[in-house]
Amino acid sequence: AQSVTQLGSHVSVSEGALVLLRCNYSSSVPPYLFWYVQYPNQGLQLLLKYTSAATLVKGINGFEAEFKKSETSFHLTKPSAHMSDAAEYFCAVSDQGAGNMLTFGGGTRLMVKP
Amino acid sequence: NAGVMQNPRHLVRRRGQEARLRCSPMKGHSHVYWYRQLPEEGLKFMVYLQKENIIDESGMPKERFSAEFPKEGPSILRIQQVVRGDSAAYFCASSTFMTGSNTEAFFGQGTRLTVV
């Protein structure tokens, strides 16, 4: 069975500071990994995905994530936080061949201080 | 190209009533997924449907919940005899699906169900 753990349900950073949101997964097969962002009362928007190509994945809005198999991690980073980055972020995993049936982590709420 | 459309956006039901949530996938998408998000929690997979077929319903509660995706029209998630614990945001996602690869699932804006 797959599982996703997001360390830190709330993360607060200052505007311009580094953003680091942590995600660890467990999967019995090489997984596909995703980061989604959810703004208040909105649906989920895909930030980036890892599908067994390059281990460093660049996404939208300046975010990127690195797949580290040895650490079973897929942490999300952004060099400089913007006020508009304040949202809920979800890490998700999908088995190959499982279509898009996603297993989500519990989410991390990112707050950006001026 | 319209995105995934869910309606209604907000739904209030009294305990014991039925709730019907609709999802129209993106044009050209034949695979639909329903997820439930309880307050302060992540999304939990409920059911995966193709046109006229339920592919995986391992996340669906055994009673009161059903889903369909008919040949024509939107996918419907039906909750009978709702209880307070059914209050949640229900999200639909759709995708194309190519054998041997994963493609992006696009999410709707969700239906927020409140049971009073």
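The structure this text deals with has already been given above.
These remarks concern the structure in this document.

**Things to note about the overall build of chain B**
Okay, step 1: A tally of helices and strands in chain B yields 0 helices and 11 strands.
Okay, step 2: Mapped from its N terminus to its C terminus, chain B presents α and β elements in the order β-β-β-β-β-β-β-β-β-β-β.
Okay, step 3: Taken over C-alpha atoms, the radius of gyration comes to 14 Å for chain B, in line with the 13 Å a tight globule of 116 residues would show.
Okay, step 4: Summarising its shape, the C-alpha atoms of chain B cover approximately 45 × 30 × 30 Å along the three principal directions.
Okay, step 5: Here chain B holds 116 residues, and the buried ones make up 46% of them.
Okay, step 6: By sequence separation, contacts in chain B at least 24 residues apart represent 52% of the contacts at least 6 residues apart.
Okay, step 7: Summed over all atoms, the accessible surface of chain B reaches about 5900 Å², with 48% contributed by carbon and sulfur.
Okay, step 8: Averaging the positions of the 16 positive and the 11 negative side-chain charges in chain B gives two centres separated by 7 Å.

**Let's talk about the state of the cysteines**
A covalent bond between the sulfur atoms of two cysteines is referred to as a disulfide.
Residue and element names in this part refer to chain A.
Okay, step 1: Tallied over the entire structure, the rule returns 2 disulfides over all chains.
Okay, step 2: Bridging Cys-23 to Cys-91, the disulfide has an S-S length of 2.0 Å. The chirality of the disulfide connecting Cys-23 with Cys-91 is left-handed, given an S-S dihedral of about -65 degrees. Of this pair, Cys-23 sits in the loop between strand S3 (19-21) and strand S4 (24-26) while Cys-91 sits in strand S10 (residues 87-95), placing them 68 residues apart in sequence.
Okay, step 3: Its relative accessible area of 0% is what places Cys-23 among the buried residues.

**Description of the environment of Ser-95 of chain B**
Okay, step 1: Tracing the backbone through its elements, the reader meets Ser-95 of chain B in strand S9 (residues 88-95).
Okay, step 2: Between the C-alpha atom of Ser-95 of chain B and that of Lys-27 of chain B, which follows or precedes it by 68 residues, the distance is 9.6 Å.
Okay, step 3: In this structure Ser-95 of chain B touches Asn-100 of chain A together with His-29, Ser-30, His-31, Tyr-33, Thr-103, Glu-104 and Ala-105 of chain B, once residues within four positions along its chain are discounted.
Okay, step 4: Looking at Ser-95 of chain B, its side chain comes within polar contact range of the side chain of Tyr-33 of chain B, at 3.0 Å.

**Examining the sheet that holds strand S1 (residues 5-7) of chain B**
Residue and element names in this part refer to chain B.
Okay, step 1: An order of S1-S3-S8-S7 is seen for the 4 strands of this open sheet, with the pairing classed as antiparallel. Of all strands in the sheet, those with a lone pairing partner are S1 and strand S7 (65-68), marking the two edges. Each strand of the sheet is rotated relative to its neighbour by a mean of 15 degrees, with strand direction disregarded.
Okay, step 2: Where S7 meets strand S8 (residues 75-79), 4 bridges bridge the pair, whose relative direction is antiparallel. Across the sheet, residue Phe-65 finds its bridge partner in S8, namely Ile-79.

**Some points on the side chain of Gln-37 of chain B**
Residue and element names in this part refer to chain B.
Okay, step 1: Looking at the element boundaries, Gln-37 is found in strand S4 (residues 31-37).
Okay, step 2: Using a relative accessible area of 12% as the deciding quantity, one classes Gln-37 as buried.
Okay, step 3: Polar side-chain contacts of Gln-37 include one of 3.2 Å to the backbone oxygen of Glu-41.

**Things to note about the pairing of strand S5 (residues 43-50) of chain B**
Residue and element names in this part refer to chain B.
Okay, step 1: Buried residues dominate S5, accounting for 6 of its 8 residues.
Okay, step 2: Pairing between S4 and S5: 7 bridges, direction antiparallel. For Tyr-35, the partnering residue across the bridge sits in S5 and is Phe-45.
Okay, step 3: A loop of 5 residues connects S4 with S5, the two strands running antiparallel in sequence, and Glu-40 in this loop sits at a positive phi of about 65 degrees.
Okay, step 4: One ladder, built from 3 bridges, connects S5 with strand S6 (residues 53-56); its direction is antiparallel. Across the sheet, residue Leu-49 finds its bridge partner in S6, namely Ile-54.
Okay, step 5: The loop that links S5 with its antiparallel partner S6 comprises 2 residues; one of these, Glu-52, has a positive phi angle of about 65 degrees.

Cut-offs applied
- Residues numbered from 1 in each chain as written.
- Chains lettered and ligands numbered in written order.
- Predicted model: local features only at pLDDT ≥ 70, side-chain atom pairs only at ≥ 80, totals over all residues.
- Heavy atoms only, no water.
- Helix = DSSP H or I, 4+ residues; strand = E, 2+ residues; numbered from the N terminus.
- Rg over C-alpha atoms; globule rule 2.2 N^0.38 Å.
- Buried < 20%, exposed > 50% of the residue type's maximum accessible area, 1.4 Å probe, protein only.
- Contact = heavy atoms within 4.5 Å.
- Areas by Shrake-Rupley, 256 points an atom, 1.4 Å probe, with all protein chains shown as cover.
- Lys, Arg positive; Asp, Glu negative; His and termini not counted.
- Charge placed at Lys NZ, Arg CZ, Asp CG, Glu CD.
- Disulfide = S-S within 2.5 Å.
- Polar contact = N/O pair within 3.5 Å; in protein donor to acceptor, adjacent residues only side chain to side chain.
- Pairing = 2+ DSSP bridges.
- Axes fitted to C-alpha atoms, helices over the stretch in contact; angles between N-to-C directions.

The values reported here are purely geometric and, on their own, carry no functional implication.
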